[in-house]
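# A look at the structure
These are the residues of each chain, in order.
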Amino acid sequence: MSGDCIFCKIINREIPADIIFENDDVLAFRDLNPQASTHALIIPKKHIATINDIGPDDAALIGKLYLAAAEIAAADGIAELGYRVVMNCNKAAGQTVFHIHLHLLGGSDMGWPPWPAA
């Protein structure tokens, strides 16, 4: 755990969050600034700063993030309609909290690409 990481503080219950899923390895909570009707953040309890810091020993843990996403999507009733999971890596890609996390987004049709054309 990283002492100044906001997600580590949520894991340690130092900061409140609307927690919707938890097991020994993963925690998920509703995003405070939702970009879709369902917008959850799914984080490993192990502090890993970026995708670039994931090691071979973390492969199973990363898989558990996706299993949690599927479970949350089913619980929210969006699994059949469809949903998106996104993980940003570093500042230029939009990562603002340096503790890896999946964004689970759904509840309506989504276009592709997800950003406006240049």
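Structural data are supplied above this passage.
Note that the coordinates shown come from a computational prediction; the quantities given were computed from them, not determined experimentally.

### Considerations on the side chain of T38
Of note, T38 is situated in strand β3 (residues 38-44). Beyond its immediate sequence surroundings of up to four residues, T38 is in contact with R30, D76, I78, L104, L105 and G106.

### So, the packing of aromatic side chains
The full count for this structure, using the stated rule, is one aromatic pair. Where F7 meets F29, the ring centres are 5.5 Å apart and the plane angle is 75°; that geometry is what we call edge-to-face. Separated by 22 residues along the polypeptide, F7 in helix α1 (residues 6-11) and F29 in strand β2 (residues 26-30) bring together distant segments of the chain. Like F29, F7 is buried.

### Topic: the side chain of H99
Take H99: it is sitting in the loop between β4 (83-86) and β5 (102-106). For H99, the contacting residues outside a window of four places in its chain are C5, F7, C8, I11, I43, P44, K46, H47, I48 and A49.

### Examining the pairing of β2
The element β2 is extensively covered by neighbouring structure, given that four of its five residues are classed as buried. Bridge count for strand β1 (residues 19-22) against β2 is three bridges, and the pairing is antiparallel. Bridge assignment links F21 to a residue of β2, and that residue is A28. Linkage of β1 to β2, two consecutive antiparallel strands, is achieved through a turn of three residues. Where β2 lies against β3, five bridges are found, and the strand directions are antiparallel. Within β3, the position partnered with F29 by the bridge is L41.

What counts as what
Residues numbered from 1 in each chain as written. Predicted model: local features only at pLDDT ≥ 70, side-chain atom pairs only at ≥ 80, totals over all residues. Heavy atoms only, no water. Helix = DSSP H or I, 4+ residues; strand = E, 2+ residues; numbered from the N terminus. Contact = heavy atoms within 4.5 Å. Phe/Tyr/Trp six-rings, centres within 6.5 Å; stacked < 30°, edge-to-face > 60°. Buried < 20%, exposed > 50% of the residue type's maximum accessible area, 1.4 Å probe, protein only. Pairing = 2+ DSSP bridges.

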